[in-house]
Amino acid sequence: MSEASRKIRVAISIGDYNGIGIEVILKTLHEKEITELFTPVIFGSTKLLSYQKDRLKFDKINFQGIQDPSQIVDGKINVVNLWKDQIDVQFGKVTKEAGTHAFESLKAATESVENGFTDVLVTAPINKDNIQSDEFNFPGHTEYLAETWKGRALMFLVSEKLKVGLVSQHVPIKDVAKQITNKSVYYKIQQIHKSLIEDYAIEKPKIAVLGLNPHAGDNGLLGAEEKEIIIPVIKSCIEKNQLIFGPYPADSFFTPKNLDAFDAVLAMYHDQGLVAFKTISFDEGVNYTAGLKYVRTSPDHGVAYDIAGKGIANEESFKEAIYTAIELYKNRAEYKELTKNVLQHIPLKLEKGDNKE
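What you see is a predicted model, and the numbers here were worked out from it, not measured in a lab.

Caption draft 1: Layout of the overall build of the protein. A tally of helices and strands in the protein yields 12 helices and 12 strands. Computed over C-alpha atoms, the radius of gyration of the protein comes to 22 Å, within 12% of the 21 Å expected from 2.2 N^0.38 for 357 residues, which places it in the range of a compact globule. Once the C-alpha set of the protein is aligned to its principal axes, its extents read approximately 70 × 50 × 40 Å. By the burial criterion, 52% of the 357 residues in the protein qualify as buried. Residue pairs at least 24 apart in sequence account for 75% of intrachain contacts in the protein once pairs closer than 6 positions are excluded. Here the protein has roughly 17,900 Å² of accessible surface; of this, 50% comes from carbon and sulfur atoms. The positive charge centre, built from 43 side chains, and the negative charge centre, built from 49, are 2 Å apart in the protein.

Have a look at this one:
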């Protein structure tokens, strides 16, 4: 089967198997027609997947066990067997073994995309503590993928209703202000702008920028970051003919009117953006790691140890993560096709004595 004719292959890492990751994966893949849309490739083991499948009584799911991504069978639910031993699943418990296997799954899935065996990466939730090791010394997926795929990643939370990017990501509140610089704010605006054009086919994106301080600084009374950093950056973007607006006070921004007026929002720190996003888009929100060479998405929830193993986890966010990854992959391909023959601007060679500006 040629590259052009085969279905999109979705690499899936299992996350922490003591949480709800495998449950939401299986619930998503339980739909009969799912393999008509794409080819799932799960990185784990058939023993582990079969154990959870039996608990959920998903008799209709059949796995295509393979030993290497080069053996992927299109139209089947492929499981790459990374280990052969029986796994001791302890739902709701934090174990080092689960963290070790979560990283092995993530690493193999990531490499399969990089090596062209799969097309996009969708990750189930990890525990950011028990996954830590000499190889994984990162606050989360986003930073790991930025390092592995050699890019500057944007944590971009997306849904039909709202898209939110973050300047600072997984950092303590006491360190947030240090990361709000002219360079960091400007770069994140440009990443969002680029993603909206290339990934979402929005020709002229409108982006709202939130302030860092209460009331967006209240004209310097409650902090100087808005006047000294954020406003000058917004002005420089406007000079580039970009539709960038703000800074807006975060506590009053997320209204239906504002959500309809803008294509995306840039928040200064994690909870400033995610509290609103998860409130508005819970169960359908997706975490998209924009700004990298390859597409990676994940559900917008964590391991949920409190409900693990009970069969009550909601798979909608994971399902949306897969559909979003496929959509982004197609949009990127279409954008690349539309722009590949566009003549690039070639600066004229200046003759001696010509003005340089």
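Caption draft 2: View of the environment of Lys27. Among the structural elements, Lys27 can be located in helix 1 (residues 21-29). Assessed through its relative accessible area of 14%, Lys27 is described here as buried. Each C-alpha atom, one on Lys27 and one on Gly44, is 17 Å from the other, the two residues being 17 residues apart in sequence. Sequence-distant contacts of Lys27, defined by excluding residues within four places in its chain, comprise Phe58, Gly311, Ile312, Ala313 and Glu315. A polar contact is formed between the side chain of Lys27 and the backbone oxygen of Gly311, at a distance of 2.9 Å.

Caption draft 3: The arrangement of helix 4 (residues 96-114) in detail. Under the 1.5 Å per step criterion, the end-to-end length of helix 4 is 27 Å for 19 residues, consistent within 8% with the ideal 27 Å. Turning to helix 4, its buried residues number three or more, namely Ala98, Gly99, His101, Ala102, Phe103, Ser105, Leu106, Ala108, Ala109, Thr110, Ser112 and Val113. Looking one or two places after helix 4, you find Gly116, whose phi comes out positive at around 85°.

Caption draft 4: How the structure looks around the side chain of Lys163. By secondary structure assignment, the location of Lys163 is in strand 7 (residues 163-166). Put simply, Lys163 is tucked away with no salt bridge, and the nearest opposite charge, on Glu160, sits 6.3 Å away. Among the polar contacts listed, one links the side chain of Lys163 to the backbone oxygen of Ser159, at a separation of 3.3 Å.

Caption draft 5: Fine view of the pairing of strand 5 (residues 120-123). Across the two faces of strand 5 the burial is the same, with Val120 and Val122 and Leu121 and Thr123 all buried. The sheet contact formed by strand 1 (residues 9-13) and strand 5 spans four bridges and is parallel. Bridging from a neighbouring strand, Val10 pairs with Val120 of strand 5. Across three bridges, strand 5 lies against strand 12 (residues 295-299) in parallel orientation. Pairing of Val120 across the sheet is with Val295, part of strand 12.

Caption draft 6: Highlighting the pattern of salt bridges. By the definition in use, this model includes 12 salt bridges. Across the pair Glu135 and Lys107 runs a salt bridge, and its minimum N-O distance is 2.9 Å. Of this pair, Glu135 sits in the loop between strand 5 and helix 5 (141-148) while Lys107 sits in helix 4, placing them 28 residues apart in sequence. Here Lys178 ties to Asp175 by a salt bridge, and the two come within 3.4 Å at their closest N and O atoms. Owing to a relative accessible area of 63%, Lys178 belongs among the exposed residues under this scheme. The network of salt bridges with common partners includes Glu31, Glu316 and Lys319.

Caption draft 7: View of helix 12 (residues 316-339). In this model, helix 12 (24 residues) spans 34 Å end to end at C-alpha, consistent with the 34 Å of a helix rising 1.5 Å per residue. Within helix 12, burial applies to Ser317, Phe318, Lys319, Ala321, Ile322, Thr324, Ala325, Ile326, Leu328 and Asn331.

Caption draft 8: Structural view of the confidence of the model for the protein. With 94% of its residues at a pLDDT of 70 or more, the protein has an overall mean of 91. The low-confidence segment residues 348-357, where pLDDT is below 50, has two contacts with residues more than four positions distant or belonging to other chains.

Definitions and limits used
Sequence order sets the numbering: in each chain, residues are counted from 1 along the sequence as written. Local features in this predicted model are restricted to residues whose pLDDT is 70 or higher, and side-chain atom pairs enter the listing and the counts only when it is 80 or higher, whereas totals over whole chains, interfaces and linings include all residues. The side-chain figures draw on all heavy atoms in the structure; neither hydrogens nor water molecules are used. Helix and strand assignments come from DSSP, with helices taken as H or I runs of at least 4 residues and strands as E runs of at least 2, each series counted from the N terminus. Note that the radius of gyration is over C-alpha atoms, with the globule rule given as 2.2 Å times the number of residues to the power 0.38. Note on exposure labels: buried denotes an accessible area under 20% of the residue type's maximum, exposed denotes more than 50%, and partly exposed covers the range between, all computed with a 1.4 Å probe on protein chains only. Residue contacts are defined here by distance: any two heavy atoms, one from each residue, within 4.5 Å place the two residues in contact. To measure how exposed things are, a 1.4 Å probe is used in the Shrake-Rupley method; for residues, cover is taken only from the protein chains shown. Charge assignment in this entry is limited to Lys and Arg as positive and Asp and Glu as negative, and neither His nor the chain termini are counted. A single reference atom marks each charge: NZ on Lys, CZ on Arg, CG on Asp, CD on Glu. Two N or O atoms count as a polar contact when they lie within 3.5 Å, although within protein this holds only if one can serve as hydrogen donor and the other as acceptor, and sequence-adjacent residues are included solely when both atoms are side-chain atoms. In this scheme, a helix's expected span is set at 1.5 Å multiplied by one less than its residue total. Any Lys or Arg side-chain nitrogen located within 4 Å of an Asp or Glu carboxyl oxygen qualifies as a salt bridge. Note: two strands are recorded as paired if DSSP finds a minimum of 2 bridges between them. Confidence scores per residue from the predictor, reported as pLDDT, run from 0 to 100.

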